[in-house]
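Coordinate analysis (summary)
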Amino acid sequence: MTAVVTPLRADGASVGPARHRRRRLTFDRVSFVTVFLGVPLALYLIFVVSPFIQACYYAMTDWSGFTDTQNFVGLANFGKILDDDIFLKALRNNILLALVLPAVTLVLSFALANLVTVSGTSRGQTRGLKGSGFYRTVSFFPYVIPAIVIGIMWSQIYDPSNGLLNGILTSLGFDGARSFPWLGDERTAMVATIFVIVWSMVGFYMVLFVAAIKGIPAELFEAARIDGAGRLRTALRITLPLVRDQVQTAWIYLGILALDAFVYMAALNPGGGPDNSTLVMSQQLLTTAFRKGQFGLACAMGVVLAVVTLAFAACVFLANRLLGGKEVAR
Amino acid sequence: MTATTTGPSDVEVAAPQTTRPPAQERAFGAASHTVLILWSAVVILPLLWTLLTSFKTTREIFASPFALPTSFNFVNYVNAWTTAGIGSYFVNTVIVVASALVIVMVLGAMCSYVLARFQFFGNRAIYYLMLAGLTFPIFLAIVPLFFTLRNFGLLNTLPGLIVTYVAFALPFTVFFLFSFFRALPEETAEAAAIDGAGEWSTFFRVMLPMAKNGMASVLIFNFLGLWNQFLIPVALNTNVQNYVLSQGMANFASQAGYSVDFGALFAAVVITVAPVLVVYVIFQRQLQGSVSQGTSK
């Protein structure tokens, strides 16, 4: 917008050749735009856009990768996938993750963010707790640790006999936990896995919410307090609606993470967990592609994954819009 | 900010019936601290335990999860660095991440600058194309990418990994820097043009230094993202000699199940975590600031 307006003003002012030169297609200008846009764009088209498009085509072939011939099979791969109990199980696990993970993470991080920002004394100015910087810094730690390392670390913590968790539990007197396999039991594997992901993500969203809450004018909190609103009421009725854009962004990020979840699963239960209870689509996709060599089928799984991801993002946008997002937020 | 808020709060203190009793205040403050300390413990304990365990021998690890190591020796670290190959993975990671970072920052800055400050046909379309790259899961692209790299002869090589990292970090970089370049005043560019600077020197001498803050934020995020990258190397870099840290760790962990050098595994975890924690502690403020900048757009 600005770029369109300014040259007009410059032309009207007719200051001299220097300003006119900026609009003309000089060698300087053309070479600049060509190189600056051309190189990154070429790279992007070859290594990002083209693979995405190819994948959509391969999804409709029976390609095994190392042969030159591939037959177009239409939607047959999708039919095969939707008949595949293991893939459906993975899909269900992903959907479960996408529903539970954002909810738990956001509730926890929003609560913690509220505690560090507005839970200081209500006498005088709204202020945070003492040492809130420390809590923020510590909570943010896990975000910078490589996810694979988090997974490895926690698989050791969950270790039935030498792990930290069972060590703590048995020393507290829970003898049932003596060698309980948290990741090896169908009932606990998913919960244990979700906890690890939540552990690694809460700090990031807490910091995000802290920044958002600090951006809210203090007068609003003062007013709520004078009107007699309690802390919980203030958090839910005043703060939450004002940070809803951040909630939306966070929900989408976390949902995308949950629909991927590959790294955590690969570290905690590479084989998909007991009775495939933690198997996710991405694991199944890689197995199908690089172990079984069924590249067409794997691409079809990729398409399903992409469709679910986009549908999820659309749902979050829609939900936010239906709940009256824009009017309140801006 | 302070000036505007002290006014109302003075009034409020003067009207004590709206303030909660101090006992309740203190109780709530204590409760908040308890919850936060509890969470901090949940975060710190696993890390601390990992650090302590990394000094234990495998026999000590089996004996008790709590016992302190009998002596602080670094034999696990030596084993992890040499025998388990973490050292060479570390070097590979530094090479790949450093090269990819330099390239993606330069290309990303160039691309977003042109998109943000030049009007031409297809400008918007390219911008949205970049945005689309942020939304689609990388898993969809992984199979064709495998064959694209093979056709270029880049499969299982470090340059291949670097190129892929750059390409997939590009959309985020462009998306983030776009708003920074857009916000730079037009007058500056005009002034530079009047002073006789061409487009090239305007960009490198004037615009790039002005976008320094944005560049720093993106740099940190890209560093973390690429250092932690796992899927791309696992799928596209299967030659053990070219392993990066994340996949080397996964490999080591799956082997440790059989050869049981758990001490070295814990040491390897510490070696991997240490550099990012150092970066984090140094750039902590900058990073926490960037979180809000990056996601509030």
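All residue numbers refer to position in the chain's written sequence, counted from 1. Chains and ligands are labelled by the order in which they are written, letters from A for the one and numbers from 1 for the other. The predicted origin of the model limits local features to residues at a pLDDT of at least 70 and limits the giving and counting of side-chain atom pairs to 80 or more, whereas totals for whole chains, interfaces and linings rest on all residues. Calculated side-chain values reflect all of the structure's heavy atoms, with hydrogen atoms and water omitted.

**Some thoughts on the overall build of chain B**
We count a stretch as a helix when DSSP gives it H or I for four or more residues in a row; a strand needs E for two or more, and each element gets its number in order from the N terminus. Of the regular secondary structure elements, chain B holds 14 helices and 0 strands. Buried means the residue's accessible area, taken with a 1.4 Å probe over protein chains only, is under 20% of the maximum for its type, while exposed means over 50%, and partly exposed covers the values in between. Burial status across chain B gives 52% buried among its 297 residues. The contacts in chain B between residues at least 6 apart in sequence include a share of 73% that link residues at least 24 apart. Contact definition: two residues touch when any of their heavy atoms are within 4.5 Å.

**Some details on the overall build of chain A**
Helix and strand content of chain A: 16 helices and 0 strands. Split into buried and exposed, the 330 residues of chain A put 55% on the buried side. For chain A, the computed accessible surface area is about 14,600 Å², with 66% contributed by carbon and sulfur atoms. The protein chains shown are the only cover counted for residues, whose accessible areas, like all others here, come from Shrake-Rupley with a 1.4 Å probe.

**Looking at the packing of helix α9 (residues 189–214) of chain A against helix α12 (residues 244–260) of chain A**
All names here are of chain A. Under this scheme, a helix contributes an axis fitted over its contacting stretch, all axes are lines through C-alpha atoms, and angles between N-to-C directions fall in the 0 to 180 degree range. Put simply, α9 and α12 touch, their axes get as near as 11 Å, and they point 160 degrees apart. Accordingly, the angle class assigned to the pair α9 and α12 is roughly antiparallel. Crossing handedness for the pair α9 and α12: right-handed. Of the residues in α12, those touching α9 at Ile197, Met201, Tyr205, Leu208, Phe209 and Ala212 are Gln246, Val247, Ala250, Tyr253, Leu254 and Leu257. In this classification, Asp, Glu, Lys and Arg are treated as charged, Ala, Val, Leu, Ile, Met, Phe, Trp, Tyr, Cys and Pro as nonpolar, and every other residue, Gly included, as polar. Along the lines of polarity and charge, the residues of the contact of α9 with α12 split into 11 nonpolar, 1 polar and no charged. Oblique is the label for any angle not under 35 degrees, not over 145, and not in the 65 to 115 range, which are roughly parallel, roughly antiparallel and roughly perpendicular in turn. The hand of a helix crossing depends on one turn: near helix anticlockwise from the far one by less than a right angle means left-handed, and clockwise means right-handed.

**A look at a nonpolar patch on the surface**
Patch membership needs two things, relative accessible area over 30% and no salt bridge, and members are linked within 9 Å if like-charged or within 5 Å if nonpolar (Val, Leu, Ile, Met, Phe, Trp, Tyr). The term salt bridge refers to a side-chain nitrogen of Lys or Arg lying within 4 Å of a carboxyl oxygen of Asp or Glu. Together, Val35 and Val39 of chain A together with Trp200 and Phe204 of chain B make up an exposed nonpolar region whose accessible area comes to about 320 Å². Those elements that provide at least two residues to the nonpolar patch are α3 (27–58) of chain A together with α10 (199–210) of chain B. Take phenylalanine 204 of chain B: it is sitting in helix α10.

**So, the interface of chain B and chain A**
Across the contact, 109 residues belong to chain B and 110 residues belong to chain A. Across the interface of chain B and chain A, roughly 10,300 Å² is buried in total on both sides, 76% from carbon and sulfur atoms. Interface area lost by chain B to chain A is led by Trp39, Phe139 and Trp200 of chain B, which between them contribute 8%. Whenever a nitrogen or oxygen atom comes within 3.5 Å of another N or O atom, the pair is scored as a polar contact, on the condition that within protein one atom can donate a hydrogen and the other can accept it, and that pairs from neighbouring residues in sequence are kept only if both atoms are in side chains. Inspection of the chain B/chain A interface yields 9 residue pairs in polar contact (both at pLDDT 80 or more). If one sorts the elements of the side of chain B that touches chain A by residue count, helix α2 (residues 22–53) of chain B sits on top with 19 residues. Its residues assigned to classes, the side of chain B that touches chain A comprises 74 nonpolar, 25 polar and 10 charged. Once two parts are put together, the accessible area they lose, assessed with a 1.4 Å probe and summed over both, is termed the buried area.

**Digging into the side chain of asparagine 77 of chain A**
Structurally, asparagine 77 of chain A can be placed in helix α4 (residues 76–83). For asparagine 77 of chain A, the contacting residues outside a window of four places in its chain are Tyr58, Ala59, Met60, Thr61, Gly296, Leu297 and Ala300 of chain A.

**Let's talk about helix α7 (residues 147–157) of chain A**
Across the 11 residues that make up α7 of chain A, a large majority, 11, are buried. Listed in full, the buried residues belonging to α7 of chain A are Ala147, Ile148, Val149, Ile150, Gly151, Ile152, Met153, Trp154, Ser155, Gln156 and Ile157 of chain A.

**Structural notes on the environment of proline 69 of chain B**
For proline 69 of chain B, the position within the fold is in the loop between α3 (58–63) and α4 (75–81). In this view, proline 69 of chain B contacts Leu52, Phe55, Lys56 and Glu60 of chain B; residues no more than four positions away in its chain are not counted.

**Here's the deal with the nonpolar core**
Trp154 of chain A together with Ile86, Val143, Phe168, Phe181, Phe203 and Leu236 of chain B are the most contacted members of the largest nonpolar core, which has 193 residues in total. Sorting elements by how many residues they give to this core places α9 of chain A first, with 18 residues. We call a set of buried Ala, Val, Leu, Ile, Met, Phe, Trp, Tyr and Cys residues a nonpolar core when their side-chain atoms join them within 4.5 Å.

**Topic: the confidence of the model for chain B**
Residues and elements named next belong to chain B. Confidence per residue, as judged by the predictor, is encoded in pLDDT with a range of 0 to 100. Of the residues in chain B, 88% have a pLDDT of 70 or more, and the chain-wide mean is 83. Averaged pLDDT values for the elements of chain B fall to 38 in helix α1 (residues 2–14) and rise to 93 in helix α5 (residues 86–117). Low confidence marks residues 1–18, where pLDDT is under 50. Its contacts with residues over four positions away, or in another chain, come to 19 contacts. Here the prediction assigns the complex a pTM of 0.84, and the interface score ipTM is 0.82.

**Details of the packing of aromatic side chains**
Here a ring pair, both rings aromatic, is described through the centre-centre distance and the interplanar angle of the planes. Stacked, edge-to-face and tilted are the three classes for Phe, Tyr and Trp ring pairs, Trp counted by its six-membered ring, which pair at centre distances within 6.5 Å; planes under 30 degrees apart are stacked, over 60 edge-to-face, the rest tilted. Counted according to the given criterion, the structure contains 51 aromatic pairs over all chains. Between the aromatic rings of phenylalanine 180 of chain A and tryptophan 182 of chain A, the centroid separation amounts to 4.9 Å while the plane-to-plane angle is 70 degrees, which identifies the pairing as edge-to-face. Given a relative accessible area of 18%, phenylalanine 180 of chain A falls into the buried group. Among the aromatic residues, those joined into a ring-pair cluster are Phe32 and Phe36 of chain A together with Tyr113, Phe118, Phe181, Trp200, Phe203 and Phe204 of chain B.

**Some details on the packing of α5 of chain B against helix α8 (residues 158–183) of chain B**
Residues and elements named next belong to chain B. Where α5 contacts α8, the axes come no closer than 6 Å and their chain directions differ by 35 degrees. The interaxial crossing formed by α5 with α8 has right-handed handedness. Class assignment of the residues belonging to the contact of α5 with α8 gives a composition of 22 nonpolar, 5 polar and 2 charged.

**Observations concerning the pattern of salt bridges**
Residues and elements named next belong to chain A. The final tally for this structure, using the stated rule, is 4 salt bridges over all chains. Note that glutamate 222 and arginine 225 form a salt bridge whose closest N and O atoms lie 3.3 Å from each other. Pair noted here: glutamate 222 and arginine 225 are both in helix α10 (residues 218–226), with a separation of 3 residues, about one helical turn. Each member of the pair, glutamate 222 together with arginine 225, is buried.

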